[in-house]
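Coordinate analysis (summary)
Single-letter residue listing:
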Amino acid sequence: MVSPEYASSTEVDVEQWRNGAVGKSRDVVAEEVPVALEYNGISHAVMMASPADLEDFALGFSLTEGILQDRSELFDCEIVTAADGIQVQMQIATERFVALKEKRRNLTGRTGCGLCGAETLQQAVRKPAPVVSAARFSAAGIYAAMAQMQQQQHLQKVTGATHAAAWLQADGKIALVREDVGRHNALDKLIGALAQENPRRDFSSGAVLITSRASYEMVQKAASMGCGFIVAVSAPTALAIRLAEQANVTLLGFVREPGHVVYANPQRLLP
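For the protein, an unreviewed UniProt entry supplies the name Sulfur carrier protein FdhD and the organism Collimonas rhizosphaerae. You can read under Subcellular location (unreviewed entry) in the UniProt record for the protein the words "Cytoplasm". In its Function (unreviewed entry) section, the UniProt entry covering the protein states "Required for formate dehydrogenase (FDH) activity. Acts as a sulfur carrier protein that transfers sulfur from IscS to the molybdenum cofactor prior to its insertion into FDH."

Details of the environment of His44
Within the secondary structure, His44 sits in strand 4 (residues 42-49). Accessibility expressed as a relative area gives 8% for His44, which makes it buried.

Topic: empty space enclosed by the protein
If a probe as big as a water molecule is rolled over the atoms, it shows which places are left empty. In this structure the tally under the stated criterion is two cavities of 30 Å³ or more. Considered as a void within the structure, the second largest cavity measures approximately 30 Å³ in volume. Lining the second largest cavity are Ile42, Ser43, His44, Phe97, Leu100, Lys101 and Arg104. Elements with a contribution of two residues or more to the lining of the second largest cavity: strand 4 and helix 2 (94-102). Tallied by class, residues from the lining of the second largest cavity come to three nonpolar, two polar and two charged.

Rules of the game
- Residues numbered from 1 in each chain as written.
- Predicted model: local features only at pLDDT ≥ 70, side-chain atom pairs only at ≥ 80, totals over all residues.
- Heavy atoms only, no water.
- UniProt positions renumbered as here; feature names shortened; annotations may be inferred.
- Helix = DSSP H or I, 4+ residues; strand = E, 2+ residues; numbered from the N terminus.
- Buried < 20%, exposed > 50% of the residue type's maximum accessible area, 1.4 Å probe, protein only.
- 1 Å grid on protein atoms, 1.4 Å probe; cavity = no way out; pocket = protein on both sides within 12 Å on 5 of 7 lines; lining within 4 Å.
- Points joined across faces, edges and corners; volume = space filled by probe spheres on them.
- Nonpolar A, V, L, I, M, F, W, Y, C, P; charged D, E, K, R; others polar.

So this is what it looks like as structure tokens:
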């Protein structure tokens, strides 16, 4: 439970200009808070994030960064609030903690910097194994899913400042949406929530929808979990496209009805 001082949004007094007229009003803005992820008493990363669904965030980050290989390796997760931020204190399997210490790197960064602190090129550009996925979706189904996701972006509706990531099931329905001021965080929260809900979830059966550009790390995180279909509202980067091609991931960008662009592996897109 997040303490009241770390609600996901807050009201502020603003000066509003409209058609040359100036007036006083109240506005709802998104909060972002330093969140320290700790493993067995050792701080590993500090990220700026929306202070909600932090257990999902911690698990998702741990899985997509390869710190944990399975939900069962996370024994405990406690959220501790303080004046300067939030600590997420995790207890993980000894074997995984030893491996973490061996490759430990300083990831302290900002919401837009997913690779801050990488010490080598190999650390910065990790290549997941090729995905084996039978997921298939039609363009019409994807457009409908994007509309479903938009309806579930509750924090975005009131603040206009957050990204979202959603899970599209094989039946064409949005099963879950997570929001955050950072696009990477939103995806980690989604993956963590899905893994919490079903530790044996088959990520190859559906698709990830994101309300941001498809950066390399967004593709890497999804592919590392076995997801073979990524749908983005905005453009991908060239590195993200190359990674999607190598990892056998279908990558769509500029998905805004009535159109989209297929950047990699179009075989999963139905007519």
